[in-house]
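# A look at the structure
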Amino acid sequence: MKVLKYPPAHEIEELGNNPILSLKKTKNEAIAEITTAYPEDSFCFLNEKKLRERISLLKNSFLPTNEYAKIAYAVKANPRKEILEILNDEGVDCFDCASQEEIRKVLTLDSDAKILFNHPIKTSKDIRYAFFNEVRHYTVQTRKEIQKILKELHFLEPRRPVEMAVRLQTLNDGAKVNLSTKFGAILSDAKEMIQSIKENKNLVPSLSIHTGSQNTKMQSFEKAIELMASLAQEQGGIKTLNVGGGLPVNYFESDDFDLSVFLQYISHAIEKNLPDNLADDPEIIIELGRSIIAEAIDLVIPVLSVEKRNGQKCVYFNDGVFTSFSDAAVHDWEYNFKTIGKDGRRLSEEKERMTLFGRTCDSGDVVGSVNLPVNLAEGDFVHVENAGAYMDSQLSFFNGFGPPKYVLYN
C-alpha cells in the first residue's frame, strides 16, 4: 500500500485536537491510510456526508409541515468545533448548553444562535454570563431556581421576555440512562412554578421533558408528551414545548432502530395532543445529541500490548475510561468492539474473553471483559463503530493523555 505523506509528529502535536486532514475517501480507505501512516495513534473518523444526511432526515421526519418545529443540538454529546460548524451550515441554529464554555463555543460560531440554557441547576455567575450574552431561555425544576434567575434579572432590563422552561419529571422506563432520578419537577410543583413564572411580566412560561438516554420504548415518548401537553392546555400561554431527546442509536448489529420511525411517532403524538392555547409564535423543540452524532463517527485505537495475567488474557490499548470510555465506569455502558489487523493482517474469527485495559497507570482503568480474536496482537487495532456521542466529550487529561485526533472524510 502506498503511504501518503502526512505532517511529522511535532506538527501534529502543534495542531492539537483539530482534524489533521480531510479525505475524500470511503471509511475503509480513510482508516487504512491513516493507520498505516500513524500506527501508534488513536483516531476518530468523522463521516461528514453522513452527519449532513442525519440532519436532513431530522428535518424531513420531525413535524416537517409545522412552522413552529425546531431541531436543537445537545452540545454535551460532542462539542467539537467542526461538528458544530457542519450542523450550523445545515441550518441548525438552536443549541442545548449547560455551561459558560458551551455557550461561548456556540456564540463564537453563530452569534444569533438560540441558546437553551437547559441545565436546571445553575450558579449565579453562569446566569449573569448568559444574560450578558443575550441568552433568553432557561430551564428550571424548583421555585428556588426561578428566584435565583429573577435576582440576576433584576439588574438587567431585558430587551425581550425571558423564557422560563419548567422541566417535568417523566417515566424513563425504556431508557439505558434514567435522567428522572436527578432531574424534573413533579406535576403539582410544576403547576405552582408556572403560576410563579406568570406573575412576572418579564417571564414567559415554557415546558420541557426528557424520557432518558438511549430510550428504545416509543410509548415512553408518547406518555411524556401527553403529560406535558395536558399541563400546557390547563395552564395556557406556554411558549415552548421541548420534547427532549434520547432517541436510540444502533450500536450493535442486532439493533434495528429506525430514527425516522421514532421521529414520526413523536410527531404524531405531538400533533394529536398539541394544545390550542399556546403563546403567540410558539416553538416545538426536539433536543437531540446522541442520535445526531453517534453514527457519524468511528473510533480506531492501537493495541499496545497483549499479556496473560493470572491465567486471563489481557489487552492494553491506547485509550481508556479516562478518555473515550468513561461511560464504562459511569453507566456500565456496553460497546461493540471490533478489530482491524495491522497492515491488513487477517484476524481470527475465533474469539475469547479478554480483559480490556486502558493506557493509564491507574488500576481502575478497565473497560471490561470483551470478546476479541484469539490472535489479536500488539500493533493491531480496536475498532468501535458509531462512537460519536460522549466518547470524547467526557474525557480527562489524566497522566497527560488526551483525546483521539480527528480525521474528516467523505
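For the structure itself, consult the block above.
Remember, it's a predicted structure, so these values are computed and weren't measured experimentally.

It is worth spelling out the overall build of the protein chain at this point. From N to C terminus, the protein chain includes 12 helices and 19 strands. Over its C-alpha trace the protein chain gives a radius of gyration of 23 Å, about what one expects of a compact globule, namely 22 Å for 410 residues. Across its three principal directions, the C-alpha atoms of the protein chain cover 70 × 40 × 40 Å. Across the 410 residues that make up the protein chain, the buried fraction comes to 55%. The long-range fraction of contacts in the protein chain, counting pairs at least 24 apart against all pairs at least 6 apart in sequence, stands at 73%. Taken as a whole, the protein chain presents about 18700 Å² of accessible surface, with 47% of it coming from carbon and sulfur. Positive and negative charge centroids in the protein chain, built from 49 and 60 side chains respectively, lie 2 Å apart.

Here Phe-221 lies in helix α9 (residues 218-235). Residue classification places Phe-221 among the buried residues on the basis of a relative accessible area of 3%. Residues Phe-221 and Phe-117, spaced 104 residues apart in sequence, show a C-alpha to C-alpha distance of 22 Å.

Right, let's talk about the nonpolar core for a bit. Within the largest apolar cluster, 101 residues are counted, with the highest numbers of intra-cluster contacts made by Leu-46, Tyr-73, Ile-293, Phe-325 and Phe-337. With residues up to four places along the chain from it excluded, the contact list for Ile-293 reads Leu-46, Leu-51, Tyr-73, Ala-77, Asn-78, Ile-83, Gly-388 and Ala-389. Listed in part, the 11 residues of the second largest apolar core include Leu-23, Ile-31, Val-300 and Tyr-409.

The next subject is the packing of aromatic side chains. Evaluated as defined, the whole model comprises 13 aromatic pairs. Ring centres of Phe-117 and Tyr-138 lie 5.9 Å apart, and the angle between their planes is 45°; on these two criteria the pair is classed as tilted. On the criterion of sequence distance, the pair formed by Phe-117 in strand β5 (residues 114-117) and Tyr-138 in strand β6 (residues 137-140) is long-range, its members being 21 residues apart. Neither residue differs from the other here; Phe-117 and Tyr-138 are each classed as buried. Centre to centre, the rings of Phe-325 and Tyr-335 are 4.9 Å apart; their planes meet at 80°, and the pair counts as edge-to-face.

As a further point, take helix α6 (residues 124-132). Since there are 3.6 residues in each turn of an α-helix, residues three or four apart along the chain are aligned in direction. By the burial criterion, the buried members of α6 are Asp-126, Ile-127, Ala-130 and Phe-131. When α6 is viewed along its axis, its buried side chains cluster within an angular range of 135° and face the same direction. Of the exposed residues in α6, the ones pointing more than 90 degrees away from its buried face are Lys-125 and Phe-132. Buried positions along α6 lie against α5 (100-109), β5, β6, α7 (143-153) and β7 (162-167). Positive phi appears at Glu-134, one or two residues downstream of α6, with a value of about 65°.

Proximity of charged atoms lets side chains of opposite charge pair with each other. Inspection of the entire model under this criterion finds 24 salt bridges. Put simply, Glu-385 and Lys-27 hold a salt bridge, and the shortest N to O gap is 3.4 Å. Residue Glu-385 is located in the loop between β18 (381-384) and β19 (405-409), and its partner Lys-27 is located in helix α2 (residues 27-37); the two are separated by 358 residues in the primary sequence. For the salt bridge of Glu-101 with Arg-104, the shortest nitrogen-to-oxygen distance reads 2.6 Å. Placement of the pair is Glu-101 and Arg-104 together in helix α5, with a separation of 3 residues, close to one helical turn. Residue classification places Arg-104 among the partly exposed positions, given a relative accessible area of 38%. Counted as one network, the salt bridges with shared partners bring together Lys-27, Glu-253, Asp-298, Lys-338 and Glu-385.

What follows is about the pairing of β6. Residues His-137 and Thr-139 point to one face of β6 and Tyr-138 and Val-140 to the other, with burial holding for every one of them. Note that β6 and β7 share 4 bridges and pair parallel. Note that in β7 the partner of His-137 across the bridge is Glu-163.

On to the side chain of Glu-33, then. Note on placement: Glu-33 falls in helix α2. Looking at Glu-33, its side chain comes within polar contact range of the side chain of Lys-25, at 3.3 Å.

This next bit is on the environment of Tyr-316. Structurally, Tyr-316 can be placed in strand β14 (residues 312-317). Put simply, Tyr-316 and Asn-118 are 198 residues apart on the chain and 38 Å apart in space, counted from C-alpha to C-alpha. In contact with Tyr-316, other than residues within four places in its own chain, are Val-303, Leu-304, Ser-305, Glu-307, Arg-309, Phe-357 and Gly-358.

Turning to unusual backbone geometry, a few remarks are in order. Residues other than glycine seldom take positive phi values, yet Gln-214 does so here, at roughly 55°. With respect to the element layout, Gln-214 can be found in strand β10 (residues 213-215). Judged by its relative accessible area of 9%, Gln-214 falls in the buried class. Residues other than glycine seldom take positive phi values, yet Tyr-390 does so here, at roughly 70°. With respect to the secondary-structure elements, Tyr-390 resides in the loop between β18 and β19.

Moving on, we get to the packing of helix α3 (residues 48-61) against helix α4 (residues 81-89). At a closest axis distance of 10 Å, the pairing of α3 and α4 adopts a crossing angle of 45°. As far as their axial angle goes, α4 and α3 are oblique. Relative to α4, α3 is oriented so that their crossing is right-handed. Together, Glu-48, Leu-51, Arg-52 and Ile-55 of α3 and Ile-83, Ile-86, Leu-87 and Asp-89 of α4 make up the contact between the two elements. Here the contact of α3 with α4 is composed, by residue class, of 5 nonpolar, no polar and 3 charged.

About the cut-offs
- Residues numbered from 1 in each chain as written.
- Predicted model: local features only at pLDDT ≥ 70, side-chain atom pairs only at ≥ 80, totals over all residues.
- Heavy atoms only, no water.
- Helix = DSSP H or I, 4+ residues; strand = E, 2+ residues; numbered from the N terminus.
- Rg over C-alpha atoms; globule rule 2.2 N^0.38 Å.
- Buried < 20%, exposed > 50% of the residue type's maximum accessible area, 1.4 Å probe, protein only.
- Contact = heavy atoms within 4.5 Å.
- Areas by Shrake-Rupley, 256 points an atom, 1.4 Å probe, with all protein chains shown as cover.
- Lys, Arg positive; Asp, Glu negative; His and termini not counted.
- Charge placed at Lys NZ, Arg CZ, Asp CG, Glu CD.
- Core = buried A, V, L, I, M, F, W, Y, C linked by side-chain atoms within 4.5 Å.
- Phe/Tyr/Trp six-rings, centres within 6.5 Å; stacked < 30°, edge-to-face > 60°.
- Arc of directions from axis to C-beta.
- Salt bridge = Lys/Arg side-chain N within 4 Å of Asp/Glu carboxyl O.
- Pairing = 2+ DSSP bridges.
- Polar contact = N/O pair within 3.5 Å; in protein donor to acceptor, adjacent residues only side chain to side chain.
- Axes fitted to C-alpha atoms, helices over the stretch in contact; angles between N-to-C directions.
- Parallel < 35°, antiparallel > 145°, perpendicular 65-115°, else oblique.
- Left-handed = near helix turned anticlockwise from the far one by under 90°.
- Nonpolar A, V, L, I, M, F, W, Y, C, P; charged D, E, K, R; others polar.

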